[in-house]
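Results of the structural survey
Take a look at the letters that make up each chain.
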Amino acid sequence: MANPMKGEVDIEACGEQLRLILSFNAIAELEEEAGRTLAEIMTSLKAGSVRTMRLILWAAMRDHRPETTLRQAGAVAEELGPELGPVLGRVISTCGFLADLSDLAGEAPAPGKPEGSDMG
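Everything numeric in this text was worked out from a predicted model, so none of it was measured. (Residues numbered from 1 in each chain as written. Predicted model: local features only at pLDDT ≥ 70, side-chain atom pairs only at ≥ 80, totals over all residues. Heavy atoms only, no water.)

Structural notes on the overall build of the chain
Looking only at helices and strands, one finds five helices and two strands in the chain. Starting at the N terminus and ending at the C terminus, the chain contains elements arranged as β-β-α-α-α-α-α. For the chain, the proportion of its 120 residues judged to be buried stands at 42%. Counted over contacts in the chain with a minimum sequence separation of 6, partners at least 24 positions apart contribute 51%. Of the roughly 6700 Å² that the chain leaves accessible, carbon and sulfur atoms contribute 53%. (Helix = DSSP H or I, 4+ residues; strand = E, 2+ residues; numbered from the N terminus. Buried < 20%, exposed > 50% of the residue type's maximum accessible area, 1.4 Å probe, protein only. Contact = heavy atoms within 4.5 Å. Areas by Shrake-Rupley, 256 points an atom, 1.4 Å probe, with all protein chains shown as cover.)

Structure below.
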């Protein structure tokens, strides 16, 4: 079962139970693959970029399934259909690293993290 205190979100897609998390390493891989900063990625997500949605889902899948490819993430995204946005919103809002950027993705700050708070 997912641990929301760790930022984990469980979903079912493609006949499997998947655990999603945007850990520090997942975010670093996301930035590396995108060739953009996290703030730029969140701006692209807000603009509705399908490529960015797939990339965030891919990064969120990799902690528990490191072999996941972008095409596999795309298949999960396609199966989720209109639920993809809410799923990504949950993953982003539970990620402590993204709490201050979550408004760029149209989400509320993570629980226990007041808007505009910093890590210090």
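Concerning the nonpolar core
Counting 31 residues, the largest nonpolar core has Ile11, Leu20, Leu22, Ile56, Leu57 and Val76 as its most contacted members. Listing elements by their share of this core, those giving two or more residues are strand 1 (9-13), strand 2 (16-20), helix 1 (24-34), helix 2 (38-46), helix 3 (50-61), helix 4 (70-80) and helix 5 (84-94). When residues of this core are assigned to their parent elements, the largest contribution, eight residues, is made by helix 3. Non-local contacts of Leu20, meaning those with residues more than four positions away in its chain, are made with Gly7, Glu8, Val9, Ile11, Leu57, Ala60, Met61, Val87 and Val91. (Core = buried A, V, L, I, M, F, W, Y, C linked by side-chain atoms within 4.5 Å.)

Re the confidence of the model for the chain
Of the residues in the chain, 80% have a pLDDT of 70 or more, and the chain-wide mean is 84. Throughout residues 104-120 the model reports pLDDT below 50, and contacts reaching past four residues in sequence, or to other chains, amount to 25 contacts. (pLDDT = per-residue confidence, 0-100.)

Thoughts on the pattern of salt bridges
For the structure on display, the rule yields four salt bridges. In this structure, the salt-bridge partner of Asp10 is Arg19, at a minimum N-O distance of 2.8 Å. Its salt-bridge partner being Glu16, residue Arg65 comes within 2.8 Å of it at the nearest N-O pair. Here Glu16 lies in strand 2 and Arg65 lies in the loop between helix 3 and helix 4, a separation of 49 residues in the sequence. (Salt bridge = Lys/Arg side-chain N within 4 Å of Asp/Glu carboxyl O.)

Observations concerning helix 3
Compared with an ideal rise of 1.5 Å per residue, which puts twelve residues at 16 Å, helix 3 spans 17 Å between its outermost C-alpha atoms and is within 8% of the ideal. Counting buried residues along helix 3, nine of its twelve residues qualify, which places the element largely inside the surrounding structure. Of the positions making up helix 3, those classed as buried are Thr52, Met53, Leu55, Ile56, Leu57, Trp58, Ala59, Ala60 and Met61. (Expected span 1.5 Å × (residues − 1).)

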